[in-house]
Amino acid sequence: DVKVTQSSRYLVKRTGEKVFLECVQDMDHENMFWYRQDPGLGLRLIYFSYDVKMKEKGDIPEGYSVSREKKERFSLILESASTNQTSMYLCASSSGGSGTGELFFGEGSRLTVL
Amino acid sequence: DAKTTQPPSMDCAEGRAANLPCNHSTISGNEYVYWYRQIHSQGPQYIIHGLKNNETNEMASLIITEDRKSSTLILPHATLRDTAVYYCIVSEANNNDMRFGAGTRLTVKP
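Because the structure is predicted, anything quoted here is derived from the model rather than measured.

(A) Main features of the sheet that holds strand E7 (residues 65-70) of chain A. All names here are of chain A. Judged by pairing direction, the sheet is antiparallel, and its 4 strands sit side by side in the order E1-E3-E8-E7 without closing on themselves. The sheet is open, and its two borders are formed by strand E1 (4-6) and E7, each paired with just one other strand. Between one strand axis and the next, the sheet turns through 20° on average, direction left out of account. Taken together, the 3 bridges between E1 and strand E3 (residues 19-25) define a ladder with antiparallel strand orientation. When the sheet's bridge partners are listed, Val4 is paired in E3 with Gln25.

(B) Quick look at the packing of aromatic side chains. According to the stated counting rule, one finds 11 aromatic pairs over all chains in the structure shown. Between Phe33 of chain A and Tyr35 of chain A, the ring centres sit 6.2 Å apart and the planes meet at 20°, which makes this aromatic pair stacked. Here Tyr36 of chain B and Phe100 of chain B contribute two aromatic rings whose centre-to-centre distance is 5.6 Å and whose plane-to-plane angle is 55°, an arrangement assigned as tilted. Here Tyr36 of chain B, found in strand E3 (residues 31-38), pairs with Phe100 of chain B, found in the loop between strand E8 (84-92) and strand E9 (104-109); they are 64 residues apart in sequence, far enough to count as distant. The same class applies to Tyr36 of chain B and to Phe100 of chain B, which are both buried. Of the aromatic side chains, those joined through ring pairs into one cluster are Phe33, Tyr35, Phe48 and Phe105 of chain A together with Tyr36, Tyr46, Tyr87 and Phe100 of chain B.

(C) Region of the structure containing the state of the cysteines. Residue and element names in this part refer to chain A. Tallied over the entire structure, the rule returns 2 disulfides over all chains. The disulfide partner of Cys23 is Cys91, and the gap between their sulfur atoms is 1.9 Å. Its torsion about the S-S bond being -80°, the disulfide of Cys23 and Cys91 is classed as left-handed. Of this pair, Cys23 sits in strand E3 while Cys91 sits in strand E9 (residues 87-94), and the two are 68 residues apart along the sequence.

(D) Quick look at the sheet that holds strand E2 (residues 18-23) of chain B. Residue and element names in this part refer to chain B. Within the open sheet, the 4 strands sit side by side as E2-E7-E6-E5. Their pairing is antiparallel. Edge positions in the sheet fall to E2 and strand E5 (55-56), since each has one partner strand and no second. Two elements, E2 and strand E7 (residues 70-75), share 6 bridges in a ladder whose sense is antiparallel. Opposite Asn19, over in E7, you have Ile74 as the bridge partner.

(E) Focus on the interface of chain B and chain A. Contact with chain B, which involves 20 residues of that partner, is made by 25 residues of chain A. Our count for the contact surface shared by chain B and chain A stands at 1 salt bridge. For the salt bridge of Asp59 of chain A with Arg99 of chain B, the shortest nitrogen-to-oxygen distance reads 2.9 Å. Connecting chain B to chain A are 4 residue pairs in polar contact (both at pLDDT 80 or more). At the level of elements, E3 and strand E4 (45-50) of chain B are the ones that each hand at least two residues to the side of chain B that touches chain A. Of all the elements, E3 of chain B adds the most residues to the side of chain B that touches chain A, at 3 residues.

(F) Focus on the side chain of Thr104 of chain B. Residues and elements named next belong to chain B. Relative to the elements of secondary structure, Thr104 occurs in strand E9. A polar atom in the side chain of Thr104 sits 2.5 Å from the backbone oxygen of Pro7. Apart from the residues lying within four places of it in its own chain, the contact partners of Thr104 are Gln6, Pro7, Pro8, Ser9, Met10, Leu20, Ala84, Val85 and Tyr86.

(G) Inspection of the pattern of salt bridges at higher detail. Residue and element names in this part refer to chain A. By the definition in use, this model includes 12 salt bridges over all chains. As a salt-bridge pair, Glu107 and Arg9 come within 3.0 Å of each other at their nearest N and O atoms. With Glu107 in the loop between strand E10 (104-105) and strand E11 (109-113) and Arg9 in the loop between E1 and strand E2 (10-13), this pair connects stretches of sequence that are 98 residues apart. Arg9 sits in the partly exposed class, given a relative accessible area of 31%. The partner of Lys18 in a salt bridge is Glu79, with the nearest N and O atoms 3.5 Å apart.

(H) View of unusual backbone geometry. If you check the backbone angles, Lys53 of chain A has positive phi at about 70° while not being a glycine. Relative to the helices and strands, Lys53 of chain A resides in the loop between strand E5 (42-49) and strand E6 (56-57). Residue class for Lys53 of chain A comes out exposed when judged on its relative accessible area of 58%. Positive phi, close to 65°, is recorded for Arg68 of chain B, a residue that is not glycine. Looking at where Arg68 of chain B falls in the secondary structure, it is placed in the loop between strand E6 (61-64) and E7.

Conventions adopted
Residues numbered from 1 in each chain as written. Chains lettered and ligands numbered in written order. Predicted model: local features only at pLDDT ≥ 70, side-chain atom pairs only at ≥ 80, totals over all residues. Heavy atoms only, no water. Pairing = 2+ DSSP bridges. Helix = DSSP H or I, 4+ residues; strand = E, 2+ residues; numbered from the N terminus. Axes fitted to C-alpha atoms, helices over the stretch in contact; angles between N-to-C directions. Phe/Tyr/Trp six-rings, centres within 6.5 Å; stacked < 30°, edge-to-face > 60°. Buried < 20%, exposed > 50% of the residue type's maximum accessible area, 1.4 Å probe, protein only. Disulfide = S-S within 2.5 Å. Contact = heavy atoms within 4.5 Å. Salt bridge = Lys/Arg side-chain N within 4 Å of Asp/Glu carboxyl O. Polar contact = N/O pair within 3.5 Å; in protein donor to acceptor, adjacent residues only side chain to side chain.

Here's what the structure looks like:
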């Protein structure tokens, strides 16, 4: 089975802490994405990457950065966590190029910032 | 911003067809229509996609109007397990910037 794995299902952090959310995919996909999901707002795109070391801002990049040093891994970084970053974070990947365009999602990481 | 408009919620009786509409009046010629659904506390799951022809798979059918400005996802015999939020997205095939709106919350009732 194809798989997107997010390192933590639940995290609790304090305001000002640096937070790393890790995502690994085993499908050799070119594209990887980070979304956050909040009640009533659906999924909002934070950052995406279409190749190693490449990144593009999505709709809400403020307060976040990303890292893609290896094709299979895409990390989301909160340099100084704030309470308004309490949310569900979803990672996804897709093959891009001549693929079907289907996005494969991880199970999500629920982050609480106190 | 999402390029689609969907009703916020819909109900459907178990066993009946669920028809979920989506407007995408600004769709460009090389953009596909994708449908995903999200069951509570899980990541979204791909359902189906199409360019201009109608499509069918084991989960659903996708009907795209001739002018491609709208589409309908059809679940032919809805079950209680189809209760979920359904997202309609338009994106190019390399889809490196998929954007989801708020979707339609479908409730299938016994």
